[in-house]
Amino acid sequence: MIFRLGYVAMTLGLKDCSPSGTVTFTNYNKIQTEEGKLHRLKKLSKANLENTLRILYYNKAMNIHVYRLTSKLIPLASHPEAVKWDYVNELHDEFKAVGDYIMENNFRVSAHPDHYTLINSPSEKVLEDSIRDLDYHVNIFEAMGLLDYKYKLVLHVGGLYKDKKSSVERFKENFVKLPDRIRKRIILENDDKSYTARDVLGICMDLNIPMVLDVHHHACVNQGEHLDKLLPDIFNTWNGETFNPKIHFSSPKSEKDFRNHADDINLTDFVQFLKTAKKVKRDFDIMLEAKAKDQALLKLSASLTGIEGLTRLNESYFEM
DNA sequence: TCGTGTCAAGATCTT
DNA sequence: AAGATCTTGACACGA
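Residues numbered from 1 in each chain as written. Chains lettered and ligands numbered in written order. Predicted model: local features only at pLDDT ≥ 70, side-chain atom pairs only at ≥ 80, totals over all residues. Heavy atoms only, no water.

Moving on to the environment of Leu153. Inspection of the secondary structure assignment puts Leu153 in strand E4 (residues 153–156). For the pair Leu153 and Ala111, spaced 42 residues apart in the sequence, the C-alpha separation amounts to 5.0 Å. Beyond its immediate sequence surroundings of up to four residues, Leu153 is in contact with Ala111, Pro113, Leu134, His137, Val138, Phe141, Arg185, Ile186 and Ile187. (Helix = DSSP H or I, 4+ residues; strand = E, 2+ residues; numbered from the N terminus. Contact = heavy atoms within 4.5 Å.)

The following block contains the structure:
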């Protein structure tokens, strides 16, 4: 079986190549004219898309095909008070260049709306803001021409609101009401505090949603279950999907800051997880969430060369 | 050019 | 009930 490695958003191997250039709302407001504001947003967005393309060139050169797009491609896009503009059409060519390159080279790209996006919130406003943010993310995929639902948005279940059971119910109610173009993109990940892998698996099986296991989060909070028990079912939530199952992997920064991400991936823990994954006998992808991004990936990749039972096919592809 | 406080956003813990 | 904390990369501003 084959597994692949990927990383998140930015590339330390490239200088001056942030795909997440932005402007603070405070500063944005200092710009006097509507035209000036628009110009600023457009300039930043254009640079972000160009840098994303550069990152993809780099990924291709490095044989890395699993990559998470930044959520910050279009600054203030879902900010309620920022000027509304048609970034999809105005940046059509830039979006298309990125999307074409992704499809031509079979990249598996995804996005991960940040933790303010909560579709199980009891607040009508928070829900509304969240849907607007999801809409923005889908707009980006669509603008790139990534119309296939295989390009996913990773979400957490949300807050507990002092009552897990009703909060899960609210998630389900709100989820099924989402428009197809959003709902069919969403996949769910266990978090490091509230919703365990087992909680999320239950929801995913109920609603037919692919689940992303975060191994680190599972170590932070669990109900005593071993991953051996859960992993086959987690992978089965991907049956019928185009892409293989995906998991997230990161290492704790320290014993004290256990939930924080370390710069690199702990080799011992990683190999330990591979042993569990091997039993499932299924190809899968691993999104590395390490602060050293692509450098952490390459470092891990290099150190996996000597591991017994593992064949390194290239920088990010392994057979075991 | 460098260092540091600040930043759109919510939830939850602390006081 | 209000304020602090979480966590993160990048801005913004001043030295």
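For the coordinates displayed, the defined rule picks out 20 salt bridges. Ionic pairing is found between Arg198 and Glu225, a salt bridge with its closest N-O pair at 3.5 Å. Of this pair, Arg198 sits in helix H8 (residues 197–207) while Glu225 sits in the loop between helix H9 (215–220) and helix H10 (227–236), and the two are 27 residues apart along the sequence. A salt bridge links Lys299 to Asp264; the nearest nitrogen and oxygen atoms lie 3.0 Å apart. With Lys299 in helix H12 (residues 293–303) and Asp264 in the loop between strand E7 (246–249) and helix H11 (267–280), this pair connects stretches of sequence that are 35 residues apart. Look at Asp264 and you get partly exposed, because its relative accessible area is 24%. Connected via shared salt-bridge partners are Arg4, Arg108 and Asp285. (Salt bridge = Lys/Arg side-chain N within 4 Å of Asp/Glu carboxyl O. Buried < 20%, exposed > 50% of the residue type's maximum accessible area, 1.4 Å probe, protein only.)

This brings us to the packing of H8 against H10. Viewed as axis vectors pointing N to C, H8 and H10 meet at an angle of 30°, and their least axial separation amounts to 10 Å. Here H8 is positioned roughly parallel relative to H10, judged by the angle of their axes. Read as a crossing pair, H8 and H10 show a hand that is left-handed. Packed against H8, whose contacting residues are Ala197, Arg198 and Leu201, the element H10 presents Leu230, Asp233 and Ile234 at the interface. (Axes fitted to C-alpha atoms, helices over the stretch in contact; angles between N-to-C directions. Parallel < 35°, antiparallel > 145°, perpendicular 65-115°, else oblique. Left-handed = near helix turned anticlockwise from the far one by under 90°.)

With that settled, the discussion passes to the protein's contact with DNA strand C. What surrounds DNA strand C is a group of 13 residues, the closest being Ser18, Thr22, Val23, Asn27 and Lys30. A breakdown of the atoms of DNA strand C within 4 Å of the protein gives sugar and phosphate a share of 100%. With respect to DNA strand C, the side chain of Ser18 contributes an N or O atom lying 3.1 Å from a phosphate oxygen. One of the backbone N or O atoms of Thr24 is found 3.4 Å from a phosphate oxygen in DNA strand C. Tallied by class, residues from the surface near DNA strand C come to 2 nonpolar, 6 polar and 5 charged. (Near = heavy atom within 4 Å. Polar contact = N/O pair within 3.5 Å; in protein donor to acceptor, adjacent residues only side chain to side chain. Nonpolar A, V, L, I, M, F, W, Y, C, P; charged D, E, K, R; others polar.)

Attention now moves to the pairing of E7. Of the two faces of E7, the one lined by Lys246 and His248 and the one lined by Ile247 and Phe249 are each fully buried. When strand E6 (residues 211–214) meets E7, the two strands line up parallel, connected through 2 bridges. Looking at the pairing, Leu213 lines up with Ile247 of E7. Two elements, E7 and strand E8 (residues 284–288), share 4 bridges in a ladder whose sense is parallel. Looking at E8, one finds that Ile247 is bridged to Ile286. Regarding topology, H11 serves as the crossover connection from E7 to the parallel E8, and that connection is right-handed. (Pairing = 2+ DSSP bridges. Right-handed = clockwise from strand over helix to strand, strands pointing away.)

Below, the discussion takes up the packing of aromatic side chains. For the structure shown, the criterion picks out 15 aromatic pairs. Ring plane angle 65° and centroid distance 5.6 Å describe the contact between Tyr7 and Tyr67, whose orientation is recorded as edge-to-face. In this pair, Tyr7 is assigned in strand E1 (residues 2–8) and Tyr67 in strand E2 (residues 66–69), connecting sequence segments 60 residues apart. A relative accessible area of 0% places Tyr7 in the buried class. (Phe/Tyr/Trp six-rings, centres within 6.5 Å; stacked < 30°, edge-to-face > 60°.)

As a further point, take the pairing of strand E3 (residues 108–111). Sheet faces and side chains relate simply in a regular strand, where the side chains alternate between the two faces. Across the two faces of E3 the burial is the same, with Arg108 and Ser110 and Val109 and Ala111 all buried. Both E2 and E3 contribute to a ladder of 4 bridges, which runs parallel. Directly across from Val66, in E3, lies its bridge partner Arg108.

The nonpolar side chains of soluble globular proteins are, as a tendency, buried together. The biggest cluster of nonpolar side chains holds 91 residues, and the ones touching the most others in it are Phe270 and Phe284. Look past the residues within four positions of Phe270 in its chain and what remains in contact with it is Phe3, Leu5, Phe249, Ile265, Ile286, Leu288, Leu300 and Leu304. (Core = buried A, V, L, I, M, F, W, Y, C linked by side-chain atoms within 4.5 Å.)

Further remarks concern helix H5 (residues 124–143). Helix length check: H5, at 20 residues, gives a terminal C-alpha distance of 28 Å against a target of 28 Å (1.5 Å per residue), a fit within 8%. Within the sequence span of H5, burial applies to Leu127, Ser130, Asp133, Leu134, Tyr136, His137, Val138, Asn139, Ile140, Phe141 and Ala143. Positioned one or two residues after H5, Gly145 has a phi angle of 85°, which is positive. (Expected span 1.5 Å × (residues − 1).)

As a further point, take the packing of helix H2 (residues 34–61) against helix H4 (residues 92–104). Two quantities define a packed helix pair, namely the angle between the helix axes and the distance between the axes. Axis separation between H2 and H4 bottoms out at 9 Å; the angle between their running directions is 15°. It follows that H2 is roughly parallel to H4 by the angle criterion. Every pair of crossing elements has a handedness; the one defined by H2 and H4 is left-handed. The residues of H4 that touch H2, namely those facing Lys46, Leu49, Thr52, Leu53, Leu56, Tyr57 and Lys60, are Glu94, Phe95, Ala97, Val98, Tyr101 and Ile102. Per-class residue counts for the contact of H2 with H4 are 9 nonpolar, 1 polar and 3 charged.

In short, geometric facts, not functional conclusions.
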